[in-house]
Amino acid sequence: MGADYRLSTDPADVDKVLVHRWLSEDSYWAAGRAFDNVSRSIDGSRPYSILSATGQVAFARAVTDGATFAWICDVYVDRPHRGRGLGVRLVDAIVTDLTAAGIDRFLLGTRDAHEVYRRSGFEPVAAPQRFMEIDRRPTRAAILAHLDEH
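Described in the following lines is the structure provided in the data block. Predicted model, so just to flag it, every value in this text is computed and none were measured.

**Considerations on the overall build of the protein chain**
Of the regular secondary structure elements, the protein chain holds five helices and five strands. Its helices and strands in sequence order give the protein chain the pattern β-α-α-β-β-β-α-β-α-α, from N to C terminus. In terms of overall dimensions, the protein chain is globule-like: its C-alpha atoms have a radius of gyration of 16 Å, near the 15 Å expected for 150 residues. Projected onto its principal axes, the C-alpha coordinates of the protein chain cover approximately 50 × 45 × 30 Å. A burial count over the protein chain gives 38% of its 150 residues as buried. Sequence separation of at least 24 residues holds for 59% of the intrachain contacts in the protein chain that already meet a minimum separation of 6. Accessible surface, the protein chain as shown: approximately 9200 Å² in total, 52% of it carbon and sulfur. Charge centroids of the protein chain, computed over 19 positive and 21 negative side chains, lie 2 Å from each other.

**Section: the packing of aromatic side chains**
Evaluated as defined, the whole model comprises three aromatic pairs. With 4.9 Å between their ring centres and 20 degrees between their planes, Trp-22 and Tyr-76 make a pair best called stacked. Within this pair, whereas Trp-22 is found in helix H1 (residues 16–26), its partner Tyr-76 is found in strand E4 (residues 69–77), the two being separated by 54 residues in sequence. Looking at Trp-22, the relative accessible area reads 2%, which means it is buried.

**Brief notes about the environment of Ala-142**
Counting through the fold element by element, Ala-142 comes out in helix H5 (residues 140–149). C-alpha of Ala-142 to C-alpha of Gly-32: the two residues are 110 residues apart in sequence and 9.8 Å apart in space.

**Thoughts on the side chain of Asp-74**
Examined against the element boundaries, Asp-74 turns out to sit in strand E4. On the basis of relative accessible area, Asp-74 is assigned to the buried category, the value being 6%. Of the polar contacts made by the side chain of Asp-74, one reaches the side chain of Arg-61; its length is 2.7 Å. If sequence neighbours within four positions are ignored, Asp-74 has contacts with Leu-23, Trp-29, Arg-33, Ser-41, Phe-59, Ala-60 and Arg-61.

**Regarding the pattern of salt bridges**
Overall, the coordinates contain eight salt bridges when judged by the stated rule. Here Arg-82 ties to Asp-26 by a salt bridge, and the two come within 3.6 Å at their closest N and O atoms. Note that Arg-82 is positioned in the loop between E4 and helix H3 (86–100) and Asp-26 in helix H1, a separation of 56 residues in sequence. Among the ionic pairs, Glu-115 bridges to Arg-118, the shortest N-O distance being 3.1 Å. Pair noted here: Glu-115 and Arg-118 are both in helix H4 (residues 114–118), with a separation of three residues, about one helical turn. Residue classification places Arg-118 among the partly exposed positions, given a relative accessible area of 39%.

**Observations regarding the sheet that holds strand E3 (residues 55–64)**
Strand pairing in a sheet takes place through backbone hydrogen bonds and is either antiparallel or parallel in direction. Taking strand neighbours across the sheet as the criterion, the five strands line up as E1-E2-E3-E4-E5 in an open arrangement whose pairing is mixed. With one partner strand each, in any of the chains shown, strand E1 (6–8) and strand E5 (105–108) form the two edges of the open sheet. Looking at each pair of strands side by side, their axes are set apart by 25 degrees on average, direction ignored. Pairing geometry for strand E2 (residues 46–52) and E3, over seven bridges, is antiparallel. Across the sheet, residue Ser-52 finds its bridge partner in E3, namely Gly-55. Packed onto the sheet, H3 meets E1, E2, E3, E4 and E5 and runs at close to 140 degrees relative to E2.

So, how was this worked out
Residues numbered from 1 in each chain as written. Predicted model: local features only at pLDDT ≥ 70, side-chain atom pairs only at ≥ 80, totals over all residues. Heavy atoms only, no water. Helix = DSSP H or I, 4+ residues; strand = E, 2+ residues; numbered from the N terminus. Rg over C-alpha atoms; globule rule 2.2 N^0.38 Å. Buried < 20%, exposed > 50% of the residue type's maximum accessible area, 1.4 Å probe, protein only. Contact = heavy atoms within 4.5 Å. Areas by Shrake-Rupley, 256 points an atom, 1.4 Å probe, with all protein chains shown as cover. Lys, Arg positive; Asp, Glu negative; His and termini not counted. Charge placed at Lys NZ, Arg CZ, Asp CG, Glu CD. Phe/Tyr/Trp six-rings, centres within 6.5 Å; stacked < 30°, edge-to-face > 60°. Polar contact = N/O pair within 3.5 Å; in protein donor to acceptor, adjacent residues only side chain to side chain. Salt bridge = Lys/Arg side-chain N within 4 Å of Asp/Glu carboxyl O. Pairing = 2+ DSSP bridges. Axes fitted to C-alpha atoms, helices over the stretch in contact; angles between N-to-C directions.

These figures come from the coordinates and say nothing about function on their own.
Structure (structure tokens):
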């Protein structure tokens, strides 16, 4: 990981206020998400953090049944620490950790970081026609418009 950074899987190391700010203010997938939702999502997942001497600099979480499947989500690297491979290191750590626990299927979603995740072995879904979803999230534009109104 490098001397300047340390990986942690300890939920106590997650700075929920900081992670909420990153996700709700700077991500496209969680814009406007309430603190309570972020906090509960962390509590219901396996959190992974990268820490520096000054605090948390990256975050991701895995939603898993602990046996067969994991969804990797909320991967975020603080802007001043980007370009150092921390996102790949974080995802690789999750895959390695959960593979050792017997999990053999991982999914994630991304709009623009396909090449980052490809470095960790991810490929496009082989049979997207098998997957279905219900997505009731508001669009980022709707969230931002609502925030501007207040």
